[in-house]
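Descriptive structure summary
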Amino acid sequence: MSTLNQTLKDRNIKALILDLDGVVTQTARVHAQAWKRMFDAYLKKRGEEEGKDYAPLEIETDYREHIDGIPRYDGVRNFLQSRGITLPEGDPTDDIGEETVAGLGNLKNMYFQELLKQDGVDEYKDTIAWLQQQRSKGMRTAVISASKNCVDVLHAAGIAKLFEEHVDGLQSAEMGLKGKPAPDIFLEAARRLGVSPQEAAIFEDARKGVQAGKAGGFGLVVGIDRTRDAEGLKASGADMVIQEFPSEV
Ligand SMILES: [Mg+2]
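For the structure given in this document, a descriptive report is provided here. (Residues numbered from 1 in each chain as written. Predicted model: local features only at pLDDT ≥ 70, side-chain atom pairs only at ≥ 80, totals over all residues. Heavy atoms only, no water.)

1. Comments concerning the nonpolar core
If you look at the biggest cluster of nonpolar residues, it comprises 55 residues, and the most contacted ones within it are Leu4, Leu8, Leu16, Leu18, Phe39, Phe203 and Phe245. If you look at the next biggest cluster of nonpolar residues, it comprises 21 residues, including Phe186, Ala189, Ala200 and Val210. (Core = buried A, V, L, I, M, F, W, Y, C linked by side-chain atoms within 4.5 Å. Buried < 20%, exposed > 50% of the residue type's maximum accessible area, 1.4 Å probe, protein only.)

Below you can see the structure in the form of structure tokens.
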């Protein structure tokens, strides 16, 4: 039996709560591409206006550190701060591309939607196969996402039925849940599944997501290392880090 499956047993885990983008579906890199397209064009334009050189967004460093796994507008604000830029917050109804936190976030979302339509959504086959095994053993399942596109992505990938519950960016905004690294979204998923945090395992590919799992006092926090960031995930508090889900039962 694999280490992961054994550990779930040893810790008496009853529910699995998985992050969507980067754990279940290969949408983390679609998000990263959309962010890079939006920010690089903005920094170039702003740099030309100010006679300054702003370093473009590096996915390996900037994206992981400032954007990955957190609500959209928080990502805009965080990254701009890293370049010494502060913009007015604006409003979610701001026009796409307006020079506000919300306007730039809305532009990123438009690019994301375009890429989604153009390329579709690929799921991670190892995750899906493993989840099906766990479901057949009676494990409870939920999926969470900071993204407001969660339901669209689940349906595009044809995997909505794998999860009993989902908590996404839309519901988080409505309920006033704090973004990761706060544990709110995972705690809400556990509450809906009717389990305590100690009875649930968290699966996350982003550093801030692992931190959120740790902060919530969950029974097990597993870092899913899809982008060679095992060290970053461990340093963020993951109990274990795996490259992919085990195929043996
Ligand atoms: Mg993720």
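2. Remarks on the packing of aromatic side chains
This model, assessed by the stated rule, comprises six aromatic pairs. Centre to centre, the rings of phenylalanine 203 and phenylalanine 245 are 5.5 Å apart; their planes meet at 45°, and the pair counts as tilted. Taken as a pair, phenylalanine 203 in strand 4 (residues 200–204) and phenylalanine 245 in the segment after strand 6 (240–242) lie far apart in primary sequence, 42 residues in all. Residue phenylalanine 245 is classed as buried on the basis of its relative accessible area of 3%. Cluster of aromatic residues (ring-pair linked, three or more members): Trp35, Phe39 and Phe79. Above the face of the phenylalanine 112 ring, lysine 108 is positioned so that its terminal group lies 5.0 Å from the ring centre. Cation over ring: arginine 226 sits above tyrosine 124, and NZ or CZ is 3.6 Å from the ring centre. (Phe/Tyr/Trp six-rings, centres within 6.5 Å; stacked < 30°, edge-to-face > 60°. Helix = DSSP H or I, 4+ residues; strand = E, 2+ residues; numbered from the N terminus. Lys NZ or Arg CZ within 6 Å of the ring centre and 35° of its normal.)

3. As for the coordination of the magnesium ion
At this site the magnesium ion is bound by Asp19 (OD), Asp21 (O) and Asp205 (OD), with donor distances of 2.1 to 2.2 Å. Donor residues binding the magnesium ion come from one chain and are separated in sequence as D-x1-D-x183-D. Of this pair, aspartate 19 sits in strand 1 (residues 15–19) while aspartate 205 sits in the loop between strand 4 and helix 10 (207–215); the two residues are 186 residues apart in sequence, bridging distant segments of the chain. Exposure remark for aspartate 19: the relative accessible area of 5% places this residue in the buried category. Overall, aspartate 205 belongs to the buried group, its relative accessible area being 11%. (Donors = N, O, S within 2.8 Å, 3.2 Å for Na, K, Ca; no water.)

Read these as layout, nothing more, since geometry by itself doesn't imply function.
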